[in-house]
Amino acid sequence: MKRNKLRLAALLLALAMLLCGCVAGDGLVHYKLMKYERPDMTAVRQTLEDACSAAEGEDVDAILEAVYHFYDAYDWFYTCSALADIRYCSDLTDSYWEQESNFCAQNSADVDAALEELYYALAQSPCRQELEAEFFGEGFFESYDGENLWDAEFTDMLVREAQLQSRYYALSEQSLAYEYGTEDYYDACAGDMAQLLVEMIALRQEIAAYWGYSDYLQFAWDFYYYRDYTPSQAGALLEQIRQELVPLYRQMSGSGVWDASYEPCPEKETLGYVRRAAKNMGGTVAEAFKVLEAAGLYDIAYGENKYNSSFEIYLTSYWEPFIFMNSTLTAYDQLTLAHEFGHFCNDYASYGSYVGVDVSEVFSQGMEYLSLCYGQNTQALTRVKMADSLNTYVEQAAFASFEQQMYGLSGEALTVENLYSLYDTVARSYGFDSVGYDRREFVDITHYYTNPLYIISYVVSNDAAMQLYQLEQEESGAGLRLYEDNLTTQESYFLSFLDSAGLESPFAPGRIQKVKKTLTDILQ
């Protein structure tokens, strides 16, 4: 997963930075030498006021200089926020990093509001046309004409959401006292987690209503993800997956195909797997891995108190990506690290990618598939990956379906018990009863708490990523060339990206049937 605080202005900021020609320097900063300091919010505000004041004048150079200073402050805030987050996730019992991570999370709404305020001020500048011509691009400020809805009321809602997310991490820390996934674990932890999700859903519905949306689903689709397909298209795909792939999912549940994934695999071996695959791929991929090792831009060790997940995040002020992972010390870690390394490559090649999450996940899942083609001794892991791909289609489709439906609960119907009941219905319809499940297990899905409506990205991007593998099977090097050629793509919209890359849409007639054939041929 690419862990990123998705913001309305993030795309615009990244685009502006690329237009001004900002690139990374040649020198690498080792992760151990990266310094954290609590962001000075007064200083951030001062850079905003300076830039807004400059925007009232007629000196374009002075305006841009003030904008650059604000960008520096903005980037430093999010770099420090990322550092605090990484270090807190490394040890959820560390109260210092918990406080720093919470401080950054709860101030991020003010920083994003400041960026919006700056763009509205620049839109009113007497130098607006010159600014667009020399820096931002034609039409950049059109969306900043009119009323700025990112005001104190909206910012307060985002702060409240960040506070709820801080509670989520605190509950995650408390859950470490129980064996994950056991009945005792759910008995002790699920109730509070589910109640927190109820509060989050209610708040997010309030946010959507504030922006004039009738439901949070469409709001998140537009506000965070820039998707060029509709929720109804996504829903139809989820239903098609349920009909076409769930029977195979049920059939494979007792086949033992997962046995190879549980083989012991120390961290050194996991790192070596991705290193060898990257070296064999060559080009930007090999270069990115050298940077990862040279600057120590990863934490893949097992930790009892570590956050039980994996993510990649970009440290903008250092122009370097970073991978976090809590190893399971099994062979499956090889796929997990390959996944996050795919995000790493995308960010490395693009100096911080700003593509939409659906496109971003093509690079992460694509690296998993390509590692099977360029790694060593991958026969058993290939079957594991195809079983994993089947699970991605079915299980992530189930999670996405549940998520879409849970935002349909409101008022008196929005209760913990109704969430349990809804998940039970969805889980059974997607075949979870064949593998064993607990109707409370949705509380383990991090995305519901931190990145709402993200999960559909795994489903659609997995389809595109699988096509890279299929191309490799037809002609060695074909999938890798397409991957390498698109690492620096500036296309945010998923279907547009597929079209430009020559890949098939997951919504195309017959596409899921092709997927079913590939999976069946390898797994049966």
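The text that follows walks through the structure, step by step, so that each part is easy to find. (Residues numbered from 1 in each chain as written. Predicted model: local features only at pLDDT ≥ 70, side-chain atom pairs only at ≥ 80, totals over all residues. Heavy atoms only, no water.)

## Things to note about the sheet that holds strand 1 (residues 298-299)
Point 1. Strand order in the open sheet formed by three strands is 1-3-2, and the pairing between neighbours is mixed. Of all the strands in the sheet, just strand 1 and strand 2 (310-315) have a single pairing partner and so form its edges.
Point 2. Pairing analysis gives two bridges linking strand 1 to strand 3 (residues 320-325), with the strands arranged parallel. For D299, the partnering residue across the bridge sits in strand 3 and is F324. (Pairing = 2+ DSSP bridges. Helix = DSSP H or I, 4+ residues; strand = E, 2+ residues; numbered from the N terminus.)

## Quick look at the packing of aromatic side chains
Point 1. In the structure shown here, the tally under the stated rule is 57 aromatic pairs.
Point 2. When the ring of F402 is compared with that of Y423, the centres are 5.2 Å apart and the planes differ by 85 degrees; the resulting orientation is edge-to-face. Note that F402 is positioned in helix 14 (residues 379-406) and Y423 in helix 15 (residues 416-429), a separation of 21 residues in sequence. Like F402, the residue Y423 is buried in the burial classification. (Phe/Tyr/Trp six-rings, centres within 6.5 Å; stacked < 30°, edge-to-face > 60°. Buried < 20%, exposed > 50% of the residue type's maximum accessible area, 1.4 Å probe, protein only.)

## Details of the environment of T489
Point 1. Mapping T489 onto the fold places it in the loop between helix 18 (478-485) and helix 19 (494-501).
Point 2. In the structure, T489 is positioned 107 residues away from T382 in sequence and 28 Å away in space, judged by C-alpha atoms.
Point 3. Filtering out sequence-adjacent residues up to four positions away, T489 remains in contact with V355, V359, F363 and F497.
Point 4. Separated by 3.1 Å, the side chain of T489 and the backbone nitrogen of E491 make a polar contact. (Contact = heavy atoms within 4.5 Å. Polar contact = N/O pair within 3.5 Å; in protein donor to acceptor, adjacent residues only side chain to side chain.)

## Considerations on the nonpolar core
Point 1. The biggest cluster of nonpolar side chains holds 185 residues, and the ones touching the most others in it are L122, F136, F341, F442 and Y448.
Point 2. In terms of residue count, helix 3 (residues 60-90) provides more of this core than any other element does, 17 residues in total.
Point 3. If we ignore the near neighbours within four places in the chain, the residues touching Y448 are L197, M200, R204, F399, F402, E403, M406, Y407, F442 and I455. (Core = buried A, V, L, I, M, F, W, Y, C linked by side-chain atoms within 4.5 Å.)

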